[in-house]
Structure formats: C-alpha cells, structure tokens
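Residues per chain, in single letters:
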Amino acid sequence: MIDPRRLAGVPGLAVRGLVGLVYPPSCIGCGAATAVPHALCAGCWSGMRFIERPYCERLGTPFSVDLGSPGLLSPSALADPPVYARARAVARYDATARRLVQRLKYEDRLDLAGALGTMMARAGAELLAEADLAVPVPLWRWRLWWRRFNQAALLARAATRGSAVAVAPELLARVKRTRQQVGLSRAARAENLQGAFRVPDAARPRLLGKRVLLVDDVLTTGATANAAARALLRGGAAAVDVLVFARVVSDGRDGTG
C-alpha cells in the first residue's frame with residue numbers, strides 16, 4: 001500500500017502513475033480494466049445505444065429511419081406536445097445506461113457523475129449554448145436526507161462545467177411528497193406529480209425571463225419534466241429545455257418515448 005505522506009512533493013503526473021499501478025483504471029459500467037480512468041470498456045461502449053440525429057427536435061426521441069428533412073417533429077410531439085420546449089438525452093435507457101444510473105444513485109458512485117455529465121454536455125450542446133441557468137430536478141427533502149445527495153444536481157454541475165451556465169438548484173423546490181414513479185402509468189405519473197414543484201417567491205426575480213435547462217438522470221414518460229417545467233414557466237422562466245443522461249424509448253411507435 002502506498003503511504004500518501006511519502007508522495008509529498010512528488011509531481012502530480014508521477015503521483016497519478018503510482019496510484020494507477022495500485023488502483024488501475026476500470027470501466028465505470030462493469031468494472032473491467034480500461035486504458036484510461038472514468039471511461040467505458042469496449043463491451044459497455046458497444047452496449048450503449050446512443051441517441052443521435054435524426055430525432056424528433058421536440059422530444060429528442062430517435063426516428064427509426066432518416067426521413068431526409070431536418071427539424072422534423074414526431075407524431076407524438078404534434079399530438080401531445082410537452083410543456084418543455086426541447087429534450088435531449090445521451091442514450092436510450094437500456095441495460096448499460098440503466099446500470100450506470102443505478103450505480104450513481106444507489107451505490108454511492110458519485111465519481112460517475114463527471115463522466116455521465118461530460119456525455120450530457122456533448123448531447124445537449126445546443127441547449128447549453130442557449131441556456132441562462134441550469135436547474136436540477138429537486139428531490140423531496142426526506143428522500144434527499146436518506147440518499148444524502150441529489151444525482152440531478154451532480155449531473156447538472158458536471159454537464160455545465162466549463163460553460164457560462166450557472167447551476168441554480170434554489171430556483172425550484174419540491175413541495176409535495178409523491179409516490180415512487182416506478183410501475184405507474186403515464187396518467188398516474190402525471191397525477192402523482194401535480195403540484196409537486198414550486199418556484200420560491202424569493203427566486204422569482206432571478207428566474208424572470210431566463211431560458212432554463214432542466215437537468216435530470218432519466219426521462220421516462222416526461223411527467224416529472226412536464227411538472228417541473230410548468231412550475232418554472234409559472235415562476236417567470238421564458239422557456240425550459242430538458243437534458244438527461246438517458247431516456248426511455250418505445251420502439252415501433254414512431255420513435256417516441
């Protein structure tokens with residue numbers, strides 16, 4: 001075991017090299033050896049189903065075929081448009097992406113937020129370029145106390161690192177305890193989240209007229225994003241976009257989730 005006290009005065013690169021000998025870099029998804037730290041191995045990388053254009057410009061859900069026209073909206077976006085303006089995600093919420101999210105949330109792998117946030121910054125580059133503020137989806141206070149951290153806040157800080165976009169978690173509060181969303185239908189999710197979010201009165205002046213980037217880990221039916229976006233718009237935001245690491249995509253339904 002390397003005694004950290006013996007590394008005093010050793011250049012940073014040398015320290016990282018010594019530590020790497022004892023703790024070689026491993027895949028953030030499965031733990032297999034990798035060439036660089038905080039990366040995915042070849043197997044996990046191939047298992048990620050990244051979302052790239054062509055996709056619905058409103059929902060961010062991929063089209064099964066390239067229709068050859070930019071700026072297209074899916075039938076779902078036209079028939080039932082979301083409250084938010086645009087949504088973007090790194091990948092589909094499949095096995096590898098699910099494992100990464102669950103390791104961050106339930107295994108206290110806070111170090112994963114940096115890698116996931118970096119991927120989110122690339123996927124949502126156009127949204128970040130237009131955003132004034134980034135607001136993480138808040139947790140209910142007792143859930144935050146139990147978990148000890150809000151994964152959406154960690155991802156928001158990582159995704160905005162190096163940009164001019166400030167992270168402002170104080171602009172949105174969760175004021176109602178809700179049931180777990182897992183297993184609920186789309187309608188039940190929306191009902192469960194009705195009135196769950198509010199912009200504090202003291203935060204309204206800072207929010208007024210701003211374009212907000214709402215950040216979360218996963219987008220499922222959009223109920224949480226819609227409820228949070230509605231509260232932000234009522235609180236004075238000019239527009240709300242959504243950036244997540246992964247989103248559920250239902251194949252065979254014009255690429256909508």
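For clarity, every value in this text was computed on a predicted model and none was experimentally measured. (Residues numbered from 1 in each chain as written. Predicted model: local features only at pLDDT ≥ 70, side-chain atom pairs only at ≥ 80, totals over all residues. Heavy atoms only, no water.)

Here we take up the pattern of salt bridges. As enumerated under the stated definition, the model contains 14 salt bridges in all. R86 is paired through a salt bridge with E130; the nearest N and O atoms lie 2.9 Å apart. Here R86, found in the loop between α3 (75-79) and β1 (87-92), pairs with E130, found in helix α6 (residues 125-130); they are 44 residues apart in sequence, far enough to count as distant. Through salt bridges with shared partners, a single network forms among R53, E57, R88 and E126. (Salt bridge = Lys/Arg side-chain N within 4 Å of Asp/Glu carboxyl O. Helix = DSSP H or I, 4+ residues; strand = E, 2+ residues; numbered from the N terminus.)

Here we come to a nonpolar patch on the surface. A grouping of W142, W145 and W146 is seen on the molecular surface, where their side chains present a nonpolar patch of about 490 Å² in accessible area. Structurally, the position occupied by W142 is in helix α7 (residues 141-147). (Patch = residues over 30% accessible without salt bridge, like charges linked within 9 Å, V, L, I, M, F, W, Y side chains within 5 Å. Areas by Shrake-Rupley, 256 points an atom, 1.4 Å probe, with all protein chains shown as cover.)

Here we come to unusual backbone geometry. A cis geometry characterises the amide bond from R53 onward to P54, with omega recorded as 10°. With phi around 60°, H38 is a residue other than glycine that occupies positive phi space. Among the structural elements, H38 can be located in the loop between α1 (12-22) and α2 (42-47).

Their axes nearest at 10 Å, the elements helix α4 (residues 95-106) and helix α5 (residues 112-123) cross at an angle of 135°. As judged from the angle between their axes, α4 and α5 are oblique. Judged by the twist between their axes, the crossing of α4 over α5 is left-handed. In contact with L100, R103 and L104 of α4, α5 contributes L112, A113 and L116. For the contact of α4 with α5, the residue count by class is five nonpolar, no polar and one charged. (Axes fitted to C-alpha atoms, helices over the stretch in contact; angles between N-to-C directions. Parallel < 35°, antiparallel > 145°, perpendicular 65-115°, else oblique. Left-handed = near helix turned anticlockwise from the far one by under 90°. Contact = heavy atoms within 4.5 Å. Nonpolar A, V, L, I, M, F, W, Y, C, P; charged D, E, K, R; others polar.)

A few words now on the sheet that holds strand β6 (residues 211-219). Adjacent strands of a sheet pair through backbone hydrogen bonds, lying either parallel or antiparallel. Taken in spatial order, the five strands line up as β1-β7-β6-β2-β3 in an open sheet, and their pairing is parallel. Among the strands making up the open sheet, the edge pair consists of β1 and β3 (166-167). Bridge analysis of strand β2 (residues 133-136) against β6 gives four bridges, and the strand direction is parallel. Bridged to P136 within β6 is V215. Sheet strands in contact with α4 are β1, β6 and β7 (239-247), and its direction is about 105° off that of β7. Together, β6 and β7 form the strand contacts of helix α11 (residues 223-234), whose direction differs from that of β6 by roughly 160°. (Pairing = 2+ DSSP bridges.)

Scope: geometric values only; no functional claims are made or implied.
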